[in-house]
Structures are given as C-alpha cells and as structure tokens.
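# Understanding the architecture of this molecule
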Amino acid sequence: SKHDMDISPSPSQFIGIGAVKSRKGFDRSARLIAKSKYRLLKYHIYGGYNDSSKKLIDGFDNVSLHGVVENIGAAINGSPVYIHTPRSNGWEFEGFGIVYLEAAAFGLPTISSNSGGAVEAVSKLSGLCVSQFNDELAVQQIEEYVDWFFDNYEYATTEQTKFALKNSWNIIINDYLALYDENS
C-alpha cells in the first residue's frame, strides 16, 4: 500500500514503466519534463529497450534507463510522480494502461496524454491526461497538476487509491460477467 512505501510529499523525481517504443511517448515525457520547472529532476524509465529504441531518449540528461523491472512496487518506491505520455499514430496506440492504475494504487500522481486507452485508466482525481499535440499546454498542465497534487497530498493520494481499487480486476470482472449475462 502507499502507506508502506517511502514516497516523498514533494516532487523529487519522475518514473515511467514500459517498453521504450515511439508510441509509448517516453521521449515526449522527457521533453515535457525538460521544458518544465521540474527540469532538474531525474526521470527513471523501467522497461525493455534496445539500441534503436534507446535513441529515442538520447540527449536528455535527466533520463536514466533501467531494464525490465520484476517488482513494480520496488520501482515505484520513492518516485512521487508517474509520467508516461503515449501517442497515437493510426493503428499504433496504447491500450488500456494498467500501469496508471498500479501507480495510482501506490498513491502516485499519474500523468498521461489524452491518447489511446490511458484516458480510461486515469481519472480526474487519480491523474492527468495532457494534450497529445501541444507541448506548451502540456507543460502548463503538468506544472499545475503536480503543484495541486502536492498541495493536497493526503486528499489526492486517498482519492487515487480509491479510484485504483474501484477499477481493480476483482471489481471489473464482475461488470464484464454481468454484461455478458445480460446479452446472452
């Protein structure tokens, strides 16, 4: 639970989890952080990558690439802001975005873009979906949201955890089964 984790009540670093691919938007997340007032904070990315995908984030001094993480809780520990801003390009898009719910369950503010299935996994209280195409607006949205989150830390982390639990597979599967029963 978030209460067992060592999460700072102020932004000290950013984290992203997933394979480093263009559609994942880790390069955009790094660019948005670099343009923001949080530009000096480190951005840790946990996930698979190769030489080609690593080139997406080359040139960002604030980015640290880590390999695939076995324990998401250990990666999230001490990382107060989760950011991963996917982009859609035709048939290439992000699916539901379970990692946003996992980060919210740990009480982290979650930042996505308004692209793909991540929009369904991030609520107004559990996170923020920034503009997919307007970097200037996205930076402003990120700064305002991160400031709001840490000014309202107890309330925000409680609401995030509630949202994540309400959308856990234990709950969602019952909704799917009820829908299936209605239509069969």
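Reading guide: rules and limits
- Residues numbered from 1 in each chain as written.
- Predicted model: local features only at pLDDT ≥ 70, side-chain atom pairs only at ≥ 80, totals over all residues.
- Heavy atoms only, no water.
- Axes fitted to C-alpha atoms, helices over the stretch in contact; angles between N-to-C directions.
- Helix = DSSP H or I, 4+ residues; strand = E, 2+ residues; numbered from the N terminus.
- Parallel < 35°, antiparallel > 145°, perpendicular 65-115°, else oblique.
- Left-handed = near helix turned anticlockwise from the far one by under 90°.
- Contact = heavy atoms within 4.5 Å.
- Nonpolar A, V, L, I, M, F, W, Y, C, P; charged D, E, K, R; others polar.
- Core = buried A, V, L, I, M, F, W, Y, C linked by side-chain atoms within 4.5 Å.
- Buried < 20%, exposed > 50% of the residue type's maximum accessible area, 1.4 Å probe, protein only.
- Polar contact = N/O pair within 3.5 Å; in protein donor to acceptor, adjacent residues only side chain to side chain.
- Phe/Tyr/Trp six-rings, centres within 6.5 Å; stacked < 30°, edge-to-face > 60°.
- Pairing = 2+ DSSP bridges.

## A closer look at the packing of helix α4 (residues 98-105) against helix α7 (residues 153-166)
One way to put it is that α4 packs onto α7 with a least axis distance of 7 Å and a crossing angle of 135°. By the angle class used here, α4 and α7 are oblique. The interaxial crossing formed by α4 with α7 has left-handed handedness. Across the interface between the two elements, L101, A104 and A105 of α4 pack against Q160, T161, F163 and A164 of α7. Residue classes in the contact of α4 with α7 are distributed as five nonpolar, two polar and no charged.

## Here's the deal with the nonpolar core
Core analysis: the largest hydrophobic core is formed by 27 residues, its most contacted members being F14, Y43, I45, I83, I111, I142 and V146. Among the secondary structure elements, those contributing two or more residues to this core are α1 (26-35), β2 (42-46), β3 (63-66), β4 (81-83), β6 (127-130), α6 (135-151) and α7. The greatest single-element share of this core, amounting to seven residues, is contributed by α6. Non-local contacts of I83, meaning those with residues more than four positions away in its chain, are made with F14, I15, G16, F26, S29, I33, Y43, I111 and I142.

## Observations regarding the side chain of E94
Checked against the element boundaries, E94 lands in the loop between β4 and α4. Residue class for E94 comes out buried when judged on its relative accessible area of 8%. In this structure the side chain of E94 is engaged in a polar contact, spanning 3.2 Å, whose partner is the side chain of K24. Not counting the four nearest positions on each side in its chain, E94 is found in contact with R23, K24, H84, P86, G116 and G117.

## So, the packing of aromatic side chains
As enumerated under the stated definition, the model contains eight aromatic pairs in all. Seen in terms of ring centroids, Y82 and Y100 are 5.7 Å apart; in terms of plane orientation they differ by 90°. Their pairing is edge-to-face. With Y82 in strand β4 and Y100 in helix α4, the pair connects residues that are 18 residues apart, well separated along the chain. Neither residue differs from the other here; Y82 and Y100 are each classed as buried. With centroids separated by 5.9 Å and ring planes inclined at 90°, the aromatic side chains of F149 and Y153 adopt a geometry described as edge-to-face. Like Y153, F149 is buried. Clustering of aromatic rings is evident, with ring pairs tying together Y145, W148, F149, F150, Y153 and Y155.

## Observations regarding the sheet that holds β3
With respect to topology, six strands assemble into an open sheet ordered β3-β2-β1-β4-β5-β6, the strand pairing being parallel. Edge positions in the open sheet fall to β3 and β6, since each of these has one partner strand only. Going across the sheet, the axis of each strand differs from the next one's by a mean of 25°, ignoring polarity. Of the strands in this sheet, β1 (13-17), β2, β3, β4, β5 (110-113) and β6 touch α1, which is tilted by about 170° from β2. Sheet strands in contact with α4 are β1, β4 and β5, and its direction is about 160° off that of β5.

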